[in-house]
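Topology and contacts: notes
The residues making up each chain are set out below.
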Amino acid sequence: MTSQSKSQQEFRKSLARELKMWAESGVDFVPAGKTIEESGHLGVSQIEKAGAAVGEDAVHEALENLRLNEIGNCTRCPLHKGRTHIVFGVGNPMAKLMFVGEGPGADEDRQGEPFVGKAGQLLTRMIEAMGLKRSEVYIANIVKCRPPDNRNPEPVEIATCIPFLKQQIEMIKPRVLVCLGKVAAQALLQTEISITKLRGEFQAYGDIQLMPTYHPAFLLRNPAMKRPVWEDLKKVMKILAAP
Ligand code: SF4
């Protein structure tokens, strides 16, 4: 990223923070120069909308920069050899809820989007059951290129790729992260505790609440496990509904 676009991005972020702070402090107008003098004052909802729009643009731009300029045509780990597409992530840059899986499968590799195969369709139904649209959340994986034969990513592949995911999380700042399956939960929590033991209890990922649960592909093979996963998602919904 050029230093000019970096400073534009910083400016947008700080403007978004400022607008949000004014709105939260009860300020109901912004006297901001000629345009406003001509057109009158901005109301609270306009301030909030303006802040959200500026913030969304800044995060969108930061994500694009990460994808195009930092990841680029990445060959940092061996997984690049078998991929068709880098599967970066998809969804709302301002999402309060972010899902993280382990890595792209064949459908995802072909289409360049995470969770689009059968397991992805189940994930979409789970999201809708939570009262959300798929477009309202953000979905990404621990590694961005498909491991051969859908094997689990190797530790060195995870270690090489996970900094990109961590940057995405840092930019999006979701309220809750849901880790789908062992690989995602263990990699983000840096633990070897089994998913069976981790599942269902919130963990801390910095100041973000992280809920480990089973992967939708596991649920397709073990439909009886949908019930405990739904219990986990209900806990997530509670956090999302809190003010
Ligand atoms: Fe690069 Fe990640 Fe793909 Fe490895 S998996 S080649 S680190 S983008």
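Throughout what follows, the structure given in this document is the object of discussion. (Residues numbered from 1 in each chain as written. Predicted model: local features only at pLDDT ≥ 70, side-chain atom pairs only at ≥ 80, totals over all residues. Heavy atoms only, no water.)

Digging into unusual backbone geometry
Backbone geometry at K173 places phi at a positive 50 degrees, although glycine is not the residue there. Secondary-structure assignment places K173 in the loop between α6 (155-172) and β4 (176-180). We classify K173 as exposed; its relative accessible area is 54%. One non-glycine residue, Q190, adopts positive backbone phi at about 50 degrees. The residue Q190 is located in the loop between α7 (182-189) and α8 (195-198) in this model. (Helix = DSSP H or I, 4+ residues; strand = E, 2+ residues; numbered from the N terminus. Buried < 20%, exposed > 50% of the residue type's maximum accessible area, 1.4 Å probe, protein only.)

What about α6?
End to end, α6 covers 25 Å across 18 residues, agreeing with the expected 26 Å (1.5 Å per residue, within 8%). Of all the bends in α6, the greatest, near 40 degrees, is centred on C161, and the proline P163 appears no more than four residues after it. Those residues of α6 that fall on the buried side of the exposure criterion are E157, I158, C161, I162, F164, L165, Q168, I169, M171 and I172. (Expected span 1.5 Å × (residues − 1). Bend = angle between axes of the 7 residues up to and from the residue.)

Observations concerning the sheet that holds β4
Taken in spatial order, the six strands of this open sheet run β1-β3-β2-β4-β6-β5, and their pairing is mixed. Both outer strands of the open sheet, β1 (90-91) and β5 (203-205), are each paired with one neighbouring strand and no more. Where strand β2 (residues 97-101) meets strand β3 (residues 138-141), four bridges bridge the pair, whose relative direction is parallel. Residue pairing in the sheet places V100 in a bridge with A140 of β3. Across the sheet, helix α10 (residues 226-241) lies against β2, β4 and β6 (208-213), angled at about 170 degrees from β6, the strand it touches most. (Pairing = 2+ DSSP bridges. Contact = heavy atoms within 4.5 Å. Axes fitted to C-alpha atoms, helices over the stretch in contact; angles between N-to-C directions.)

Details of the pattern of salt bridges
This structure, assessed with the given rule, holds seven salt bridges. Two residues, K173 and E170, come together in a salt bridge whose shortest N-O distance is 3.1 Å. A network of salt bridges, in which partner residues are shared, links R227, E231 and K234. (Salt bridge = Lys/Arg side-chain N within 4 Å of Asp/Glu carboxyl O.)

Observations concerning the packing of aromatic side chains
Considering all chains together, one arrives at one aromatic pair under this definition. Each ring, one from Y214 and one from F218, has its centre 4.8 Å from the other, and the planes form 45 degrees; the classification is tilted. In this structure Y214 comes out as buried when scored by relative accessible area, which is 9%. (Phe/Tyr/Trp six-rings, centres within 6.5 Å; stacked < 30°, edge-to-face > 60°.)

Looking at the pairing of β3
Here β3 shows no split at all, with Y138 and A140 on one side and I139 and N141 on the other all buried. The pairing of β1 with β3 spans two bridges and is antiparallel. If you follow V90 over to β3, its bridge partner there is I139.

Section: the site of the ligand
Around the ligand, the surrounding shell consists of C74, C77, H80, R83, K144, C145, T160 and C161. Among the residues making up the shell around the ligand, the classes are represented as four nonpolar, two polar and two charged. (Near = heavy atom within 4 Å. Nonpolar A, V, L, I, M, F, W, Y, C, P; charged D, E, K, R; others polar.)

Focus on the packing of helix α5 (residues 118-129) against α10
With their axes 10 Å apart at the nearest point, α5 and α10 run at an angle of 45 degrees to one another. Accordingly, the angle class assigned to the pair α5 and α10 is oblique. In the crossing of α5 with α10, the sense of the turn from one axis to the other is right-handed. Along its contact with α5, which presents L122, M126 and A129, the element α10 presents K226, V229, W230, L233 and M237. (Parallel < 35°, antiparallel > 145°, perpendicular 65-115°, else oblique. Left-handed = near helix turned anticlockwise from the far one by under 90°.)

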